[in-house]
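# Breakdown of the fold
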Amino acid sequence: MSRVIDLSLTLEDNMPAHKLFQRPVFTVHMSHESTKANGLGVPEDPMTFQTNFISMLDHVGTHVDAFLHVNPKGAAIDEMPLEMFMGKAVCFDLRHIPDLGDITVADMEAAEKASGVRVDGHIVLLCTGFHARNYPSLDSVWKNPLLTVEATRWLYDRGSKMHGVEGPSTDKPTDNIFAQHRLCRDLGVSHWEWLVNLEELIGVGEFQFFGVPLKFKGGSGSPVRAFAIVD
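Read on for an overview of the structure. All figures in this text were calculated on a predicted structure; none of them were measured in a lab.

Moving on, we come to the pattern of salt bridges. In a structure, side chains of opposite charge can pair up when their charged atoms sit close to one another. Scanning the model with the defined rule gives seven salt bridges in all. The salt bridge partner of Arg 95 is Asp 93, with a shortest N-O separation of 2.9 Å. Here Lys 143 makes a salt bridge to Asp 139, at a shortest N to O gap of 3.4 Å. By relative accessible area, Lys 143 is classed as partly exposed at 26%.

Next comes the structure, spelled out in structure tokens:
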């Protein structure tokens, strides 16, 4: 029997966002109480409804980066093929990596061996335990580990075009170099950020992952409802 594992952060008002980004605004727009005055439905069965106002960047919560995000000539989110955002995947156990630590090639090789899955075009999700340790503290935007450029190239050399991390970025927030993002730009790969519940995928082997964006015209990224299907 297959299991569905939700890997998405709940979107809510004023939630933490990347250090360079404003936090989102979520509020009730029209409520069941206020819409009584519209006189909809019939007297014995009035029709009321609720709508919410949402104001947010396209890189808040669990989201995926479009190539356009860091490449002015890159494809926008609505121009990227849907098949990029789903497929066979594996989760690496990197919970020994501390906050602000570095994920190296040696870490990736050891995690691959422990997973029992040889990376060959897989989406690779990296569980460092960062989210469980830090969220929802507002200083969580200053603590995530770095996926080193060497480890990123290790993924690329094995055909992995997409990867996913916990926290707001694949780059360390204590510097402004953005080496990982710049390499992704040059290699034509991308990633999901602020995935959650990755601990539930450790030791399950290969599974199917889905993290499909909204079709924003010209979008630099998009929130996703990320989930895994585990047999």
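What follows is about the state of the cysteines. Taken as a whole and assessed by the stated rule, the structure comprises zero disulfides. Of all cysteine sulfurs, the one in Cys 91 lies closest to Cys 127, which takes part in no disulfide; the gap is 5.2 Å. Residue classification places Cys 127 among the buried positions, given a relative accessible area of 0%. In this structure Cys 184 is a free cysteine whose sulfur lies 18 Å from that of Cys 91, the closest cysteine sulfur available.

In this section: the nonpolar core. The biggest cluster of nonpolar side chains holds 24 residues, and the ones touching the most others in it are Leu 7, Leu 125, Trp 192, Leu 201, Phe 207 and Phe 209. Those elements that provide at least two residues to this core are β7 (86–93), β9 (123–127), β13 (207–210) and β15 (227–230). Considering every element that reaches this core, the biggest residue donor is β9, with three residues. Contacts of Leu 201, omitting those with residues within four sequence positions, involve Ile 5, Leu 7, Cys 91, Leu 125, Phe 207, Ala 228 and Val 230. Core analysis: the next-biggest nonpolar cluster, separate from the first, contains 16 residues, Ala 111, Val 117, Val 124 and Ala 151 among them.

Burial along strand β11 (residues 162–165) is two-sided: the face carrying Met 162 and Gly 164 and the face carrying His 163 and Val 165 are both buried. Relative to β11, β9 runs parallel, the two sharing three bridges. Counted as the bridge partner of Leu 126 is Val 165 from β11. Following the backbone out of β11, through helix α4 (residues 179–187) and into the adjacent parallel strand β12 (residues 190–193), one traces a crossover that is right-handed.

Here the focus is the pairing of β15. Taking every second residue as pointing to the same face, the buried face of β15 carries Ala 228 and Val 230, while none of Phe 227 and Ile 229 on the other face is buried. The pairing of strand β1 (residues 3–6) with β15 spans four bridges and is classified as antiparallel. Residue pairing in the sheet places Ile 5 in a bridge with Ala 228 of β15. When β13 meets β15, the two strands line up antiparallel, connected through three bridges. Across the sheet, residue Phe 209 finds its bridge partner in β15, namely Ala 228.

This paragraph deals with the environment of Pro 213. Among the secondary structure elements, Pro 213 is positioned in the loop between β13 and β14 (221–223). Here Pro 213 is in contact with Val 64, Ile 77, Phe 85, Ser 222, Pro 223 and Val 224, once residues within four sequence places are set aside.

Definitions and limits used
- Residues numbered from 1 in each chain as written.
- Predicted model: local features only at pLDDT ≥ 70, side-chain atom pairs only at ≥ 80, totals over all residues.
- Heavy atoms only, no water.
- Salt bridge = Lys/Arg side-chain N within 4 Å of Asp/Glu carboxyl O.
- Buried < 20%, exposed > 50% of the residue type's maximum accessible area, 1.4 Å probe, protein only.
- Disulfide = S-S within 2.5 Å.
- Core = buried A, V, L, I, M, F, W, Y, C linked by side-chain atoms within 4.5 Å.
- Helix = DSSP H or I, 4+ residues; strand = E, 2+ residues; numbered from the N terminus.
- Contact = heavy atoms within 4.5 Å.
- Pairing = 2+ DSSP bridges.
- Right-handed = clockwise from strand over helix to strand, strands pointing away.

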